[in-house]
Amino acid sequence: MTTCKNCSFYFPVPENAGDYEAGKGDCVVEKQDAKGKYWLSKPTRTDSPSCPTFKKA
Ligand code: SF4
């Protein structure tokens, strides 16, 4: 099964971060609209099943 861990949009929460927890991370995807680029961030986990946006890291 492909998981968020292998996705290039997955960023693990650093160990020195206040909300660090093993397996916890953020999904950060770059988007673009008429006004320019922006980023969408949402919490996810290393072992979460991949979504249709998955891109191999
Ligand atoms: S939610 Fe989708 S885009 Fe985000 S890290 Fe997981 S597989 Fe990648």
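None of these values were measured; they are calculated from a predicted model. (Residues numbered from 1 in each chain as written. Predicted model: local features only at pLDDT ≥ 70, side-chain atom pairs only at ≥ 80, totals over all residues. Heavy atoms only, no water.)

S.K.: What's the story with the environment of T53 in this structure? I'm lost.
M.R.: Of note, T53 is situated in the segment after β3 (36-45). Its relative accessible area of 41% is what places T53 among the partly exposed residues. Ignoring sequence-local partners within four residues, the contact set of T53 consists of F9 and V29. (Helix = DSSP H or I, 4+ residues; strand = E, 2+ residues; numbered from the N terminus. Buried < 20%, exposed > 50% of the residue type's maximum accessible area, 1.4 Å probe, protein only. Contact = heavy atoms within 4.5 Å.)

S.K.: I keep staring at the nonpolar core and nothing clicks. Help me out?
M.R.: Nonpolar side chains in soluble globular proteins tend to be buried together. In this structure, C4, C7, F9, Y10, C27 and V29 together form the largest nonpolar core, which totals six residues. Apart from residues no more than four positions distant in its own chain, C7 is found in contact with F54, K55 and A57. (Core = buried A, V, L, I, M, F, W, Y, C linked by side-chain atoms within 4.5 Å.)

S.K.: Looking at this model, I keep getting lost on the pairing of β3. Mind explaining?
M.R.: Two faces make up the sheet, and in a regular strand the side chains alternate between them. Pairing analysis gives 10 bridges linking strand β2 (residues 24-33) to β3, with the strands arranged antiparallel. Looking across to β3, one finds that K31 is bridged to Y38. Linking two consecutive strands that pair antiparallel, namely β2 and β3, is a turn of two residues. (Pairing = 2+ DSSP bridges.)

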